Amino acid sequence: MSKPVRVDVWSDVQCIWCYISSARLRTAIQQHPGPVDVTYHSFQLTPDAPLEIDREEQIRKHGGNSARMQQVMTQLRQLTAVEDFPYDPDRTRPTNSRMALELLHHAGTHGRRAELTERLFTAYFGEGRHIGRIDELLAIAREVGIDPDDARQALTEKRHAAGVDADIAQAHAYGARGVPFYIVNDTWRLSGAQPVEQFLAAFEQAARA
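These figures come from a predicted structure and were not determined experimentally.

J.: Pulling in residues and values, what's your account of the overall build of the protein?
T.: Helix and strand counts for the protein stand at nine helices and four strands. Reading the helices (α) and strands (β) of the protein from amino to carboxyl end gives β-α-β-α-α-α-α-α-α-α-β-β-α. A compact globule built from 209 residues would reach a C-alpha radius of gyration of about 17 Å, and the protein, at 17 Å, matches this within 12%. With the C-alpha coordinates of the protein rotated into their principal frame, the extents come out at 55 × 40 × 30 Å. Sorting the 209 residues of the protein into buried and exposed places 47% on the buried side. Restricting the contact set of the protein to residue pairs at least 6 apart, pairs at least 24 apart contribute 75%.

J.: Let's hear about the environment of Ala 123: which residues, and what values?
T.: Locating Ala 123 in the fold gives a position in helix 5 (residues 113–127). Here Ala 123 falls in the buried class, since its relative accessible area comes to 0%. Sequence spacing of Ala 123 and Pro 86 is 37 residues, and the spatial spacing of their C-alpha atoms is 9.3 Å. Excluding anything up to four places from it in sequence, Ala 123 contacts Gly 128, Arg 129 and Ile 140.

J.: Any chance you could break down the layout of surface pockets for me, citing the residues and the numbers?
T.: Here the second largest pocket defines a volume of roughly 170 Å³. Going through the elements one at a time, strand 1 (5–11), helix 1 (16–31), strand 2 (36–42) and helix 5 are the ones with two or more residues in the lining of the second largest pocket. For the lining of the second largest pocket, the element with the most residues is helix 1, which contributes seven residues. Each residue belonging to the lining of the second largest pocket can be placed in one class, and the counts come to 10 nonpolar, five polar and two charged.

J.: I'd like a description of empty space enclosed by the protein, backed by residues and values.
T.: Inspection of the entire model under this criterion finds one cavity of 30 Å³ or more. What the largest cavity holds in volume is close to 30 Å³. At the level of secondary structure, the elements contributing two or more residues to the lining of the largest cavity comprise strand 2, helix 4 (98–108) and helix 5. For the lining of the largest cavity, the per-class residue count stands at three nonpolar, four polar and one charged.

J.: Explain the side chain of Gln 194 residue by residue, including any values.
T.: In this fold, Gln 194 is placed in the loop between strand 4 (188–191) and helix 9 (196–208). A distance of 2.5 Å separates the side chain of Gln 194 from the backbone oxygen of Ser 191, its partner in a polar contact. Those residues within four positions of Gln 194 in sequence are excluded, and the remaining contacts are Ser 21, Arg 24 and Phe 199.

J.: With reference to specific residues and values, describe the packing of aromatic side chains.
T.: Under the defined criterion, the tally for this structure stands at 10 aromatic pairs. Arranged with centres 5.7 Å apart and planes meeting at 75 degrees, the rings of Trp 10 and Tyr 174 form a pair that is edge-to-face. Remark: Tyr 174 occurs in the loop between helix 8 (161–173) and strand 3 (181–184) and Trp 10 occurs in strand 1; sequence separation between them is 164 residues. You can call Tyr 174 partly exposed: its relative accessible area is 28%.

Rules used in this analysis
Residues numbered from 1 in each chain as written. Predicted model: local features only at pLDDT ≥ 70, side-chain atom pairs only at ≥ 80, totals over all residues. Heavy atoms only, no water. Helix = DSSP H or I, 4+ residues; strand = E, 2+ residues; numbered from the N terminus. Rg over C-alpha atoms; globule rule 2.2 N^0.38 Å. Buried < 20%, exposed > 50% of the residue type's maximum accessible area, 1.4 Å probe, protein only. Contact = heavy atoms within 4.5 Å. 1 Å grid on protein atoms, 1.4 Å probe; cavity = no way out; pocket = protein on both sides within 12 Å on 5 of 7 lines; lining within 4 Å. Points joined across faces, edges and corners; volume = space filled by probe spheres on them. Nonpolar A, V, L, I, M, F, W, Y, C, P; charged D, E, K, R; others polar. Polar contact = N/O pair within 3.5 Å; in protein donor to acceptor, adjacent residues only side chain to side chain. Phe/Tyr/Trp six-rings, centres within 6.5 Å; stacked < 30°, edge-to-face > 60°.

Following this line, the structure appears as structure tokens:
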């Protein structure tokens, strides 16, 4: 009998490669013959980012090469089209993801972290919603069945701040400097947006070990 597979996932809801990789992970889980249990963890790529970011300022920050940015966005559109999920980079509103990560921890206490993770990805990358603002986050939380009043209190009290910090510290202790980052059955580590086949190979190896 094969062992159950457990996957720990570190991601940031503003990370496009986390978004792409989440679809591939779901496909791999569907194709794997045994059970796969996924645990989500937080990672913040730009902890010093302000809540409001001007798009022109962002272009200047990346060397002022808007043509290069458009080329990258075109390539990402092609990748997301293959995965068949929405991506509209012209509408994305970069912000500080800290509050969204704390909301994800709150969702986890209600068994809805996975659902909210996917909803935040779509809201940010496909719908142009501002996930740095508390009212927008609470509206999204309501969409997945989370009580917005309870969520507001949790965010206001910074109830899950320590949990986010612990996740980030743990990722750094494992040697992760970016996301997505995966650990399968506490042993096999994967970094970056892996193809479905790579996930399946890791699952099979873990199930047989």
